[in-house]
Structures are given as C-alpha cells and as structure tokens.
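If you want the building blocks of each chain, they are given just below.
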Amino acid sequence: MVYCNNCSRNVSGERLDEGLLSCSFCGKVLEEYNFATEPQFVKDSAGQSKLSGNFVRSVQAISDSRRRTLDYASEQMSGMKNALQIDDYSDDVVHTARRFYEIGLERNFTRGRRSELVQAACLYLACRQKRKPFLLIDFAHYLKINVYELGSVYLQLCYVLYLADGKDLQKLIDPSIFIHKFTNEGNDEVVKTARNILASMKRDWMQTGRKPSGLCGAALYISALSHGLKFPKSEIIKHVYICEATLSKRLIEFENTNAGALTMEEFTEKERELRTSSLTRKQPNTGSKETSLDEVLCRHKERKPFAYGLCNECYEEFMKVSGGLDGGSDPPAFQRAEKERLAKLSIEENAKSKSSCTSASGSEKPENCGALEDATNKEAIDEGDNDKLPGVDGSDDESDNFSDIDDFEVDGYLHNEEEKRFKKIIWEEINREYLEEQAAKEAALAAAKEACMANYDKCPEDLQAAQELAAAAAEVVVKSKKERLQKRAAEAKNAGPAKTAAEATRQMLVKKRLSSKINYDALEKLFDEPVATEKCKKQRIESNFDSDEKEERASKIGKDEGDYDEGDEEDGGIYDDNPEFDKQVYDYDDNDYGYGYDYDGY
Amino acid sequence: MAEQGGLEGSQPVDLSKHPSGIVPTLQNIVSTVNLDCKLDLKQIALQARNAEYNPKVCTGAKSEQQSKLAARKYARIIQKLGFPAKFKDFKIQNIVGSCDVKFPIRLEGLAYSHGAFSSYEPELFPGLIYRMKQPKIVLLIFVSGKIVITGAKVRDETYTAFENIYPVLTEFRKNQQ
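Chain B is annotated in an unreviewed UniProt entry as TATA-box binding protein of Gossypium raimondii. The UniProt entry for chain B carries the following text under Sequence similarities (unreviewed entry): "Belongs to the TBP family." Chain B has a UniProt comment under Subcellular location (unreviewed entry) that states "Nucleus".

Chain A is annotated in an unreviewed UniProt entry as Cyclin-like domain-containing protein from Gossypium tomentosum. Checking UniProt for chain A, the heading Subcellular location (unreviewed entry) contains the comment "Nucleus". Regarding chain A, the UniProt comment filed under Sequence similarities (unreviewed entry) reads as follows: "Belongs to the TFIIB family."

### Digging into the overall build of chain B
Across its full length, chain B holds five helices and six strands. Among the 177 residues that make up chain B, the fraction classed as buried is 55%.

### Some details on the overall build of chain A
Helix and strand counts for chain A come out as 22 helices and seven strands. Taking all 602 residues of chain A together, 29% fall into the buried category. Long-range contacts, defined here as pairs at least 24 residues apart, represent 50% of the contacts in chain A between residues at least 6 apart. Of the roughly 40300 Å² that chain A leaves accessible, carbon and sulfur atoms contribute 51%.

### What to know about the pattern of salt bridges
Side chains that differ in charge, positive against negative, can pair when their charged atoms come close. Residue and element names in this part refer to chain A. All told, the structure shown has 12 salt bridges over all chains when counted by the stated rule. For the salt bridge of D44 with K50, the shortest nitrogen-to-oxygen distance reads 3.3 Å. On the accessibility criterion, D44 (29% relative accessible area) is partly exposed. The partner of E338 in a salt bridge is R341, with the nearest N and O atoms 2.8 Å apart.

### Description of the packing of aromatic side chains
Residues and elements named next belong to chain B. Scanning the entire structure with this criterion turns up six aromatic pairs over all chains. Here F117 and Y130 contribute two aromatic rings whose centre-to-centre distance is 5.7 Å and whose plane-to-plane angle is 35°, an arrangement assigned as tilted. Remark: Y130 occurs in strand β4 (residues 128–132) and F117 occurs in the loop between α4 (107–113) and β3 (118–119); sequence separation between them is 13 residues. For F117, a relative accessible area of 30% translates into the label partly exposed. Residue classification places Y130 among the buried residues on the basis of a relative accessible area of 5%. Ring centres of F162 and Y166 lie 5.7 Å apart, and the angle between their planes is 55°; this geometry places the pair in the tilted category.

### Quick look at the sheet that holds β3 of chain B
Residue and element names in this part refer to chain B. With antiparallel pairing, six strands are arranged side by side in an open sheet as β1-β2-β6-β5-β4-β3. Among the strands making up the open sheet, the edge pair consists of β1 (25–34) and β3. Direction of pairing for strand β5 (residues 137–141) relative to strand β6 (residues 146–152): antiparallel, over a ladder of four bridges. Paired with L140 across the strands is V148, a residue of β6.

### A word on helix α5 (residues 147–161) of chain A
Residues and elements named next belong to chain A. An ideal rise of 1.5 Å per residue puts 21 Å on 15 residues; α5 measures up with 21 Å between its terminal C-alpha atoms. Within α5, burial applies to V147, L150, G151, V153, Y154, L157, C158, V160 and L161. For α5, the elements touching its buried residues are α2 (92–106), α3 (115–129) and α4 (136–143).

### Description of the pairing of β5 of chain B
All names here are of chain B. The side-chain alternation of β5 yields one buried face, formed by I137, L139 and I141, and one unburied face, formed by V138 and L140. Between β4 and the antiparallel strand that follows it, β5, lie four residues. From the end of β5 to the start of β6, which pair antiparallel, there are four residues, and G145 there has a positive phi angle of about 100°.

### Some points on the pairing of strand β2 (residues 88–100) of chain B
All names here are of chain B. Here eight bridges tie β1 to β2, and the two strands are oriented antiparallel to one another. The residue bridging T25 from the neighbouring strand is S98, located in β2. Examined bridge by bridge, β2 and β6 share five bridges and lie antiparallel to one another. In the strand pairing of β6, I95 is matched with A152.

### Remarks on the confidence of the model for chain B
Residue and element names in this part refer to chain B. The share of residues in chain B with pLDDT of 70 or more is 80%, and the mean pLDDT across the chain is 78. By mean pLDDT, helix α1 (residues 7–10) is the weakest element of chain B at 44, and β5 is the strongest at 93. Note on residues 1–9: pLDDT under 50 across the span, and 26 contacts to partners over four residues away in sequence or across chains. Interface confidence for the predicted complex, given as ipTM, is 0.72, next to a pTM of 0.59.

### Overview of a positive patch on the surface
All names here are of chain B. A surface patch of like charges, here positive, comprises K91, R131, K136 and K153. Take K136: it is sitting in the loop between β4 and β5. Exposure remark for K136: the relative accessible area of 70% places this residue in the exposed category.

### Description of helix α1 (residues 64–84) of chain A
Residues and elements named next belong to chain A. Taking 1.5 Å per residue as the helical rise, α1 with its 21 residues ought to reach 30 Å, and the 30 Å between its terminal C-alpha atoms agrees with that figure. For α1, the set of buried residues is L70, A73, S74, M77, M80, K81 and L84. Relative to the axis of α1, the buried residues are bounded by an arc of 125° and lie together on one face. Residues of α1 that are exposed and point over 90 degrees away from its buried face: D64, R68 and E75. The inward-facing, buried residues of α1 contact α2, α3 and α4. Directly beyond the C-terminal end of α1, a positive phi value near 55° is found at Q85.

Scoring rules and cut-offs
Each chain carries its own residue numbering, running from 1 in the written order of its sequence. Here chains are named by letter from A upward and ligands by number from 1 upward, in the order in which they appear as written. Only residues with pLDDT of 70 or above have their local features reported here, since the model is predicted, and side-chain atom pairs are shown and tallied only from 80 upward, although totals for entire chains, interfaces and linings are computed over all residues. By convention in this description, side-chain values take in all heavy atoms of the structure and omit both hydrogens and water. UniProt positions are given in the numbering used here, feature names are shortened, and annotations may be inferred rather than shown by experiment. Counting from the N terminus, the helices are DSSP H or I runs at least four residues long and the strands are E runs at least two residues long. To sort residues, take the accessible area from a 1.4 Å probe on protein chains only and compare it with the maximum for the residue type: under 20% means buried, over 50% means exposed, and anything in between is partly exposed. Here, residues are in contact when the closest pair of their heavy atoms is within 4.5 Å. For accessible areas, the Shrake-Rupley method is used with a probe of radius 1.4 Å. Any residue's cover is judged against the shown protein chains and nothing else. The working definition used for a salt bridge is a side-chain nitrogen of Lys or Arg within 4 Å of a carboxyl oxygen of Asp or Glu. Here is the rule: rings of Phe, Tyr and Trp (six-membered ring for Trp) pair when centre to centre is within 6.5 Å. Planes less than 30 degrees apart are stacked, more than 60 are edge-to-face, and the remainder are tilted. Any two strands with at least two DSSP-identified bridges between them are counted as paired. Expected helix span is taken as 1.5 Å per residue step, with the number of steps being one fewer than the number of residues. Looking at any residue, its pLDDT shows the predictor's confidence there, from 0 to 100. For patch building, the residue pool is restricted to those with more than 30% relative accessible area and no salt bridge; the joining distance is 9 Å between like charges and 5 Å between nonpolar side chains (Val, Leu, Ile, Met, Phe, Trp, Tyr). Think of it this way: Lys and Arg go in the positive column, Asp and Glu in the negative one, and His and the chain ends go nowhere. A single reference atom marks each charge: NZ on Lys, CZ on Arg, CG on Asp, CD on Glu. Throughout, the arc means the angular range of directions from the helix axis out to the C-beta atoms.

Here you go:
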C-alpha cells in the first residue's frame, strides 16, 4: 500500500521485474529501486565465502487444495467487492476477508453452509472493521437471499472467529458514515447539515434500535430540502433500502422533536454551541447508580475507567455513536409505550368512576404509577400456589387417578356423535393428499405380500410349510444379520493389528464392506505363492525316506517338475517295494539334497 | 387459561425478593409430559374439541400450576377416548417472562460496556440480545424499556436474571431534562 499523488489515495502498487513500483491505476512511477534476486555472497571473518541470508522454513505450510479453496474464495469476494463498489482502489478488504475465511475454514465453518454466504459474511465483517459504509442488506440484495439468513450466518461467524478471545469485539456502526456514500462531491453544505441533523437525531434518541441507513436517508432528505434541492422520496428509498412509509415516519418523528421546530439558522447555531461546549466538558454525569468498578468493562483492560465502566476512548466513541444519555426527546418506542400506559389508566379511571363497586377486578386496584396490567374478570388463583410447586420438575409418575380433574369439564372437551361425523368429513377433506399417500403406501405393501403369496401358490400342498419356512428363514436372517453386525463390531474392537498382509487386507475389506463379491480364497492365494513353493520343497525332502505313498507323491511331483529321465519311465511307473528304489531316487537330479547319493544299496 | 398478570396488582411488591420494585410477568410456559402409551392421533383429533391434527406439524399457559393442570386435563381427555394414558415425567422446559422498566435505555452503551454478553445489530433486530451466564438466561432489551426474559426452567431464575440486569439498565437510562 503506497500513496499515489496522482490518485491521491493509497493504492496497491504493481512492481515489475526489475524493481519499478508503479500505481496500478494511473501508472505513475512511485519507487525506483533496483532489486537483484540472485543469492549474494559475503566473506566472513576467516575469509571464507558464505551465502548471505538464511533459509527460512515456509511459514505458510498449507496444502494445495486448501490454497485453491482460498484463492477461489478470494476471487468470489473480489467479484462481490466490485459489484458493490466497496473500494475501488485497493484490495485490502478482500485480504482481510480472506484471512477471516481462512480461520473459518480451519474451524469447519464452511461445512454445511453455502460458500457464498460465508464469503459475504467475511466481506461484511471486513467492511465493518474498516468502517466502510455498507449494510448487510446490500450483500443480501446482491446474493438475492433473505437478509436475516445472511445475518444469522454473520452472527455465527462472529462467534466462531472470536472464540479465542471470548469477547465480541465488533464495533457499532455510526450512521454518519453513510452520508458520504449517498452524496457525490460538491454538496458540502448539504453534507454538513445532514451530519448535524443526524447528531441531533441521535441526541433525541431516534437512532437506537433503528437501521443506520434509514436515519441517514431521512437526514439527507431534510438537509437537501432545507437547501432547496428537492429529491423525490423514491430516489432516497432506492439507495437506502427502506420503504416510503418508514421514511415518512422518520420525518414525522424528527418533526416532533424539539430540534425539528427550529429554523435552519437556529439549528446550525445550536449545533455549533453544543460542539464547542462538548470540548470543554470534563467528567460526565455517570447516572443515578454509580458503578463502583476499579477496572473497565470494555476490552481495554489496562486502562482506567472513565465513565460507565468504559475507558476514555470507548467512552468517546460511545458518545459519538449514540449521542449520550442526557436529555433530548424520548425514543419513539418509549413514547408509544407511555401513551398506551396513559390510555389504560384513563380507561380504568372511567370504569371506576362509572361503577361504584369493583366487583369485576377482584383483588386488583388501579395503581398510580401505571403498573397496571390487563384488567381481568377472573380471580388471581395462583399467587399462593406458586411458592411451592409439588412435583413440577420431578420425574414422578402421577398417573394413577385423575381425581383432581373435573370430569364434567373434561367431557365438555369431547365431541358428541354428530360433531364427530362432521369433523371427520372436514378433516378428511383438508388432508386429502396425506390420506391418498398413506393409502398408496398400504396398497404397495399389500401388493408385495400378494406377490410373495402367489409364488407359493404353485405348490399348494407345501404352501403352509413353505410359508412357515420362509417366515422362519426371514427371522433367522434378521437375527443372524443382527448377530453378525454385533459380532463384527466386537471383532473389530478386539482384533489387534493384522499379522499378515492377507489379514490386513481382509480386515480392511470387512470394515469398509466394499463388496460381497470378493473371493477370499483368491485373496489368500495372492499372498500365498512363496509359501506354496516352500511347502512343495518340504514334501520332497520327506519323500526320500518314506514309504510307498510318499514315494508315489514324490514321483508324481517329479513328473510335474518334468525332470524325470525318460529312459526310466517304466521303472518309475512301478510302485512297489523294490530294490530299484535307490535308482529312482537317483533320478531326481534337479534338486541336490545330499541324501540320495548316500545310498549304497538298500 | 386467559389469566394475565394479575399478580402485581394483587399485593405490594416484596422488596427483599425484588429490590428493583418491579416483578416480571410470566407470559408463556412450555412443558412436556410422558403419557407412556401409543396414541392414534387421527382418532383423537376427530373426537376432541379444540384439537387439530396436521400430519404434515401443550403451550400457552401463564403459570406453572396452570401448565400442569392443563397437561393433566389433556391426559384425562385422552384417557376418556380409550387410550391407557399415564402422567409421567412432567417437566417445565421453558418460561418466558416480560416486564417494563419505564425508562428509555441506551442500547449502544450496553453493547459497549457488556460486549461479551450483548449482541446488538440494529440492521437485523431492534433489540439488544443479552445472554446472561449466571443464571443462563437470554434477555431481549428494547429502547422503550421493555424487557423479555426467556430460557428459565424455574420462575426464580427469571426473577434473578431481571434483578441482575436492572442496575445495568439504570446506568444507561436516559437522563430526563
């Protein structure tokens, strides 16, 4: 980020190969250092040439796919930024948002949420941090989703990101930042007046709980009007995302405040006075209940509390954003509540004056301070009972008899026959689709059963037996399935690591259940070839000492091996106890065992 | 069931229990009970008055005792319809209360000083959502001074939560000229 004189802004510069830093917008050359990128060598104290610099382990050790995700997210966010014209001169917001997105990825925040929602929330968070005048509803409008949906994702993101700190550090939006957004250059007077109006609105408690943009729009409208520029309301509401009714309401509210009655000059004069007086103000009035805290409640833990449990900086911010606690008109919501209270009071007064006896209200009395709630005709029944609530949150079984319930009353809750009939008709009419679905399901079930039965119809004499068999088989299958699953689970737990490759593969296949079509025998053979040949060898050794059977086998093997001397084939074919044995043994000349040659005669 | 807070009007507020002098009224109580038997919902819906059955989707009481009474009445109704209903595990799940402190509150100040517990987004919702840790209760605070307290399982939690927040609210009250 360097400052470009021509654009009079901070820009992200572009650096060409050999070190010229130029502005990415106007192209003006900002820095002219030449950098060399080859490694440099220096001589150390012993006169030995050494590489200057160190090898640094890569800090960013993220995987390729993660990098790709982040880059894609950055692209999307840049697109959003451009579409909303957030900040044409630098990518700062996108970088900040990208960092939030990275943390979110690590905390698995993107799982189960649409990625564009998460990106918008990250971007909005970045905008809030940099005090950019953009509303959640701008993003929601761009994405064409409900603003409350985006809002919920945003709130969850805040929670996830600040998990480490344990504190919500998001700053509040000051409506004044929106003024510049909605005006273009040259209307300085309008802007100034608008800002004054907004400050006055804040002091008159019009702003708490309201959307910042709406107030801003109203302030601008008034300010423009006071300077003779007539904007149609439709223009304002297009930019500000409030409807005309709301705008009118705000104007009326402002009219009702004291400031609304002043003329323009008086108003400006008053603002100037207030501003100068605020500079000389010292310790503010901290309200009726002093908080006797030694440390601050805000996040600047090391500072001393100035007022309301806030450090000086936070206090100033609070005053600027909200307008403080002193004086001004009441907030409109409060005014409405007050009106309602007075209305109720007057109704009560009338009722009381009309009727001499207060039979209806029972134990109620109209209170002077307006703490009156609704007047009812029933007595207050539960006041005494509520102190002790027997078994309310215990897990008792109080079912036995419902003798405390009035049966007559309960009967009143049940329909009589005719009513039942009518209700049935009505209900079936209303829920016709559901009933049809259920009927279809049942029909399908019955049809399946029928098909099964039809198969058995072909052998009628065994019908019953077959059915029973089928039922029993099904039961066994189910049971065995269950047992199998349980056994498998138990085995998987108990079995240690596999001893051979075959076992390992089998374990893996069993666990993953890739296919029931795997031929385990072939699998075993796969790993068993060297073992098989060893077995063969063992057999041959034995044959030299053994009886006829072994000899038979041995000779067979010999035949298989194909090392049998053709000339002796006949002899080899006679399998009886003969002195030719040794000769036959000698014919096995492919494998030198050392035993066969020691025979001198049998 | 139409009983609405006649509680405060009936006797003076006990200041030892409610130092602020204001008692929240309970607006809604949600409770559950286990009837311990299978129910044919369609049949019940057809036979009982005031019963709706929407196959495609025991609240409203204004006091715990009423809630329990209502639950028992419903169990009795179901018994009469022929199901062997019992009354097990009655438990109150949620109590919602509301009250009015009668002075305007600067929500921004609360958001600044109690940022760890408050969530104030005027773009989304005009009230401040305060999540108290002890007792674990959620309060909705509005600029007009009206407070909604929810999440309590017993009535006392509601009262405690309100007494805890009251001093904070007075700190950010509007200073009348």
